[in-house]
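Structure at a glance
Residue-level listing of the chains:
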Amino acid sequence: MLAYGILSLCIVFCVSSSFLYGLSPSLTLKKKLSQVLAHSRYQNVSVGIVIEQLYPKKKRLYQYRGHQLFTPASTAKVLLSAVLLAKLGPNHCFETQIFHTGKLKDGVLYGNLYIKGKGDPSLNDTIMTELITTLKKRGLKEIKGSILYDNSFHQKTPPTYARNARHYYAPSEALTYNLNAIELKLLDNQYHQAELIPVPKTRYATWTFQHTFKNTKKYAGRPSMLYRPSSKGDHYLIQGNITLLDQANQYLQVLVSKPGQYTATRFKKLALLHGLKIKGRVREGITPRSATLYTTVRGEPIVKLLPTLNQDSNNVIAEVFTKNLATHHKIIPGTTQAGVAVISSYLFQHLDLSKRHLNLKDGSGLSKQNKVTPLFFSRALAHIYTQKVMRDSLI
């Protein structure tokens with residue numbers, strides 16, 4: 001659905017000067033679009049269109065069902081992006097904090113280490129390795145206690161559909177790692193039969209592969225991918241046909257149903273690889289008020305995450321950002337409902353349209369209850385264009 005959002009941007013902002021200053025442009029446009037909409041392919045399709053000229057003088061060129069509510073799907077992420085930039089700015093970075101309990105003596109921690117998520121959706125192996133390197137530079141050699149993950153900064157959101165392991169249904173939490181997904185890569189084995197290799201390999205995941213590989217790019221097999229939570233993480237069942245097109249379309253990814261546990265499991269693995277000794281196990285826990293802040297690692301700035309949010313239409317980033325808007329307004333734990341209220345409040349204030357033009361339930365566009373009118377969306381796009389920080393970051 002993102003393509004429709006991009007198309008809307010092009011319609012609103014990229015009308016050529018020769019077209020605008022030609023003979024009766026509005027009449028010509030109206031006639032052409034009327035002919036298109038009269039085609040049989042649109043007879044059973046709900047369509048709404050608003051096209052506006054911004055320069056040299058603002059005026060409406062065309063409107064068709066501009067006041068009717070439609071489901072925006074992933075174009076809702078454009079609205080989220082605009083408000084996020086307005087509230088936090090393009091260079092804002094979200095953080096992950098490391099706390100500890102107990103005493104530190106001669107590089108040995110006689111206590112527990114806490115990984116506290118603060119809503120950074122960019123956390124990955126690179127950032128985690130940077131964090132571990134910092135711990136080692138500060139003299140840490142061994143952890144006698146456990147590794148605890150703390151997701152309390154955000155309200156937990158379960159996977160959208162039980163057992164469906166499609167990565168775009170991944171849950172959002174305060175701790176997000178590798179966008180809460182594990183990639184499956186096709187690799188030729190010695191018998192020239194493609195195997196699926198999980199990346200990264202992790203103790204969090206166990207696998208049952210019952211797929212058949214088809215060496216073609218002509219069609220996608222779209223295999224069945226199911227998960228079942230286990231004590232250590234998730235168990236995955238992959239069945240059906242898999243083709244080269246599935247990999248090219250980034251279809252071979254599965255969600256992680258317990259992002260906090262996945263994050264802490266990955267931290268322990270990388271820490272061991274970098275020479276730290278860890279005695280305890282991975283488990284969930286709330287960081288005690290008496291705990292000591294050890295270090296903080298910052299993720300990627302918002303502006304660098306916007307292409308993944310919008311062009312790749314990543315739902316995890318969208319939901320984490322939505323909750324971050326809530327925590328920015330001191331609502332902790334951050335919730336989707338509170339974040340959506342921040343988005344809606346900003347848009348109603350700056351677009352000068354009544355509440356009947358917008359009804360958001362989430363920031364990703366997954367909810368079918370999301371509704372917006374073409375007039376509202378057109379005004380939002382115009383607002384983005386007139387705000388330099390939004391225009392430079394999104395267009």
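Here the structure is a predicted model, which is why all the values come from computation and not from measurement.

Here's the deal with the sheet that holds strand S6 (residues 113-117)
Where strands meet in a sheet, backbone hydrogen bonds hold them as pairs that are either parallel or antiparallel. The strand order across the open sheet formed by 5 strands is S16-S8-S6-S3-S17, and the pairing between neighbours is mixed. In this open sheet, the two strands that pair with only one neighbour each are strand S16 (282-284) and strand S17 (292-301). Within this sheet the neighbouring strands show an average axis-to-axis angle of 25°, counted without direction. Of the strand pairs in this sheet, strand S8 (residues 147-150) and S16 are connected by 3 bridges, and their pairing is parallel.

So, the sheet that holds strand S13 (residues 234-243)
One open sheet accounts for 3 strands, arranged S11-S13-S12; its pairing is mixed. At either end of the open sheet lies a strand with only one pairing partner, and these are strand S11 (205-214) and strand S12 (224-229). Put simply, the sheet's adjacent strands are angled 5° from each other on average, direction ignored. One ladder, built from 6 bridges, connects S12 with S13; its direction is antiparallel. Opposite proline 229, over in S13, you have aspartate 234 as the bridge partner.

Re the nonpolar core
Leu113, Leu135, Ile147, Tyr236, Ile238, Val254 and Phe267 are the most contacted members of the largest nonpolar core, which has 47 residues in total. With near-sequence residues (within four places) excluded, tyrosine 236 lies in contact with Ala165, Ile182, Tyr204, Ala205, Thr206, Trp207, Thr208, Leu226, Tyr227, Val254, Leu255 and Val256.

Brief notes about the environment of threonine 292
Summarising the element assignment, threonine 292 is placed in strand S17. A residue is classified by how much of its surface remains accessible, and threonine 292, at 41% relative accessible area, is partly exposed. Sequence separation between threonine 292 and tyrosine 251 is 41 residues, and the spatial gap between their C-alpha atoms is 42 Å.

Parameters and conventions
- Residues numbered from 1 in each chain as written.
- Predicted model: local features only at pLDDT ≥ 70, side-chain atom pairs only at ≥ 80, totals over all residues.
- Heavy atoms only, no water.
- Pairing = 2+ DSSP bridges.
- Helix = DSSP H or I, 4+ residues; strand = E, 2+ residues; numbered from the N terminus.
- Axes fitted to C-alpha atoms, helices over the stretch in contact; angles between N-to-C directions.
- Core = buried A, V, L, I, M, F, W, Y, C linked by side-chain atoms within 4.5 Å.
- Buried < 20%, exposed > 50% of the residue type's maximum accessible area, 1.4 Å probe, protein only.
- Contact = heavy atoms within 4.5 Å.

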